[in-house]
Structures are given as structure tokens and as C-alpha cells.
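Report on the structure
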Amino acid sequence: MMQGYSLRIATAAAALLAAGCFTIHHSEAPGAGMARAPQGRDVRVALSGFEATVTTFLPVHTQTTGWHSGVGYDRHTRRDFGGLHSETWSSTTYIPQVNEDHTYVKQAADLLEAAGFILATTNAQYTVDVTFSGPVVTNGDRVAEGLWIICSLLSADYSAGEWTARLKIRETSSGRVVLMKDISQKCTVAVWGPIPVFSPLAAYESSENAMQAWTFGVLVDLAMAEATAYIAAAEGN
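A general tendency of soluble globular proteins is for nonpolar side chains to be buried together. Grouped together as the largest cluster of nonpolar side chains are 38 residues, with contacts concentrated most on Phe 117, Phe 132, Ile 169 and Met 224. Put simply, the parts of the chain that give this core at least two residues each are α2 (103–114), β5 (126–136), β6 (156–171), β7 (176–192) and α5 (208–236). No other element matches the 10 residues that α5 contributes to this core. Residues contacting Phe 117, with those up to four places away along its chain left out, are Ala 35, Arg 36, Ala 37, Val 43, Val 45, Leu 112, Thr 228, Ile 231 and Ala 232.

With that settled, consider the packing of α2 against α5. Packing of α2 against α5 brings their axes to within 10 Å, and their N-to-C directions diverge by 35 degrees. For the element pair α2 and α5, the recorded crossing hand is right-handed. For the pair α2 and α5, the contacting residues are Tyr 104, Gln 107, Ala 108, Leu 111 and Leu 112 in the first and Gln 212, Ala 213, Phe 216, Gly 217, Val 220, Asp 221, Met 224 and Thr 228 in the second. Here the residues of the contact of α2 with α5 sort into eight nonpolar, four polar and one charged.

Tallied over the full model, the rule gives five aromatic pairs. Geometrically, the ring pair formed by Tyr 104 and Phe 132 is edge-to-face, given 5.8 Å between the ring centres and 75 degrees between the ring planes. Here Tyr 104, found in helix α2, pairs with Phe 132, found in strand β5; they are 28 residues apart in sequence, far enough to count as distant. For the pair Tyr 104 and Phe 132, one class covers both residues: buried. A ring pair is formed by Tyr 104 and Phe 216, whose centres lie 5.4 Å apart and whose planes are at 80 degrees; its orientation type is edge-to-face. Here Tyr 104 is found in helix α2, whereas its partner Phe 216 is found in helix α5, with 112 residues between them in sequence. An aromatic cluster of three or more residues is present, and its members are Tyr 104, Phe 132 and Phe 216.

Okay, the pattern of salt bridges next. Evaluation of the coordinates by the stated rule reveals five salt bridges. The salt bridge involving Arg 41 is made with Glu 235; its shortest N-O contact spans 2.7 Å. Here Arg 41 is found in the loop between β1 (22–26) and β2 (45–49), whereas its partner Glu 235 is found in helix α5, with 194 residues between them in sequence. We classify Arg 41 as partly exposed; its relative accessible area is 38%. The exposure class assigned to Glu 235 is buried, which follows from its relative accessible area of 10%. A salt bridge links Lys 181 to Glu 226; its shortest N-O distance comes to 2.7 Å. A residue pair is termed long-range when its members are at least 10 positions apart, and Lys 181 in strand β7 and Glu 226 in helix α5 qualify at 45 residues. Classification of Lys 181 as partly exposed rests on a relative accessible area of 33%.

Calculation rules
- Every chain begins its residue count from 1, and numbering advances along the sequence as written.
- Owing to the predicted nature of the model, reporting of local features is limited to residues with pLDDT of at least 70; listing and counting of side-chain atom pairs is limited to 80 or more, with chain, interface and lining totals taken over all residues.
- With hydrogens and water set aside, each side-chain value is computed from the structure's full complement of heavy atoms.
- We call a set of buried residues a nonpolar core when its members are Ala, Val, Leu, Ile, Met, Phe, Trp, Tyr or Cys and they connect through side-chain atoms within 4.5 Å of each other.
- Under the scheme applied here, a residue whose accessible area is under 20% of the maximum for its type counts as buried, over 50% as exposed, and between as partly exposed, the area being computed with a 1.4 Å probe on protein chains only.
- Runs of H or I in DSSP of at least four residues are treated as helices and runs of E of at least two as strands, each being numbered from the N terminus.
- Contacts are assigned to residue pairs with any non-hydrogen atoms lying within 4.5 Å of each other.
- Note on method: axes are straight lines fitted to C-alpha atoms, helices fitted across the in-contact stretch only, with angles between N-to-C directions ranging 0 to 180 degrees.
- Here a crossing is called left-handed whenever its near helix is offset anticlockwise from the far helix by less than a right angle, and right-handed whenever the offset is clockwise.
- The residue classification treats Ala, Val, Leu, Ile, Met, Phe, Trp, Tyr, Cys and Pro as nonpolar and Asp, Glu, Lys and Arg as charged. All others, Gly included, are polar.
- In summary, the pairing rule links any two rings of Phe, Tyr or Trp, Trp by its six-membered ring, whose centres are within 6.5 Å, and it sorts them by plane angle into stacked for under 30 degrees, edge-to-face for over 60 and tilted for everything else.
- Any carboxyl oxygen of Asp or Glu within 4 Å of a side-chain nitrogen of Lys or Arg constitutes a salt bridge here.

Honestly, it's all geometry; don't read function into it.
Structural data, given as C-alpha cells:
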């Protein structure tokens, strides 16, 4: 019976370790309603901007061989070589790779077309431009991160950042900017894992790439809600 109980404990512990890190808090996305194009009107829109990048790290494995004299190790056995002997060791270098992400311009196009606006055109009446910036991390966020780490005994992590999308709508015929607005969204994530230090470090949800992807998606929704509301009102008059 004791063996069965121990086996269940070991199985549960193994399952917990295999589960990795758990997200215990994540910001909620605000609602964003799209205004529809005026009925019976062909409102033509072009998109620009929406540029975003994602940084990934490419592992490069190398092996280095060096010559040493005296005592060495041969297949984990201590031996006195009595002269020169070679040793080989491995190392891994992580090289950052910056890639363009076209997800958000496609998301914006889908939202506008679903709302009845025309994008497949060469003579757009309006150009909707979005520029992303951020993240901004406050001192309060850094203090909160430190408290999460210390109070959890290095088993949890807290990450926060605020990104901004600058929305511009230009009237194509005149080039005049008819609407310019900064839209900000903050993302906060808290994760916990059973292995101190390693579990939080391995969590994708609290990484900058994951937080940026979530926040940019929200910002596109909010920006397109603003854009469709303005254009629908302007063309409906």
C-alpha cells in the first residue's frame, strides 16, 4: 500500500514538473466594436504602417579542442598522460534574429473588409496608418516584479509593459491628416512554476515577444474601431 501511495506521489510530481509554468494572471482585452461602412456606399481604404518585429534567438553549437599537459580525464576517468593531451568541450551561443511580423496589417485588413470597407483598390479615399511604439516599463512595475520573485521564493515571475499605437487617417485626395490619436494598452502577466528560477525563465507567456503579440493584437482592434467610426461618420453625412 505504501508503495502504491509513493508511486502516486511520484507520478503527480512528475506530471507537475512536465506541466512547466502556469499563467496565474493575464490582462484582459477591452472590447472594441467596429462601425460598418454606410449602406450603399463604396468606401475605399488603404493601409500603411503596422510594422512590427519579433526577436528570436538562434542557438549555435560549437566544439573547441585544446591541448593540455599533465593529468587529464579520458572518458570520465582520471589519468596521468605524462605529456600533452587533448580536451574537447562544447559551447552554445545564442544569436538574436530580428524578423518582420506582418500579422497586424492582415488583421486590420480583415477587420475593415468584414465591416464593409473596400481595400482591393488603387484609388483609396482614406489611408489608415498605424505606428507601434514601446514597451514602457514604470518603476512601479519593476518593484512589483521584484516582490513577485522574492515572495514566491524565485518560483514566480511578473512582467508588465505598455505599448502605444499612433493612428493616423489621411484624406488621400488632399494628403491632409483628418484624425490622429495615440492608443495605449498595458499588458501584465504573472506566471508560476514548480522549479524555482528555471520554470519562470522558461515561461513563454511572460516573455516580451508574447506580451507584444497580445498587446499589438489588442491595439489593432482598438485602432480599427476608431478608424471605422470616423470614416463611417464622415462618409455617412
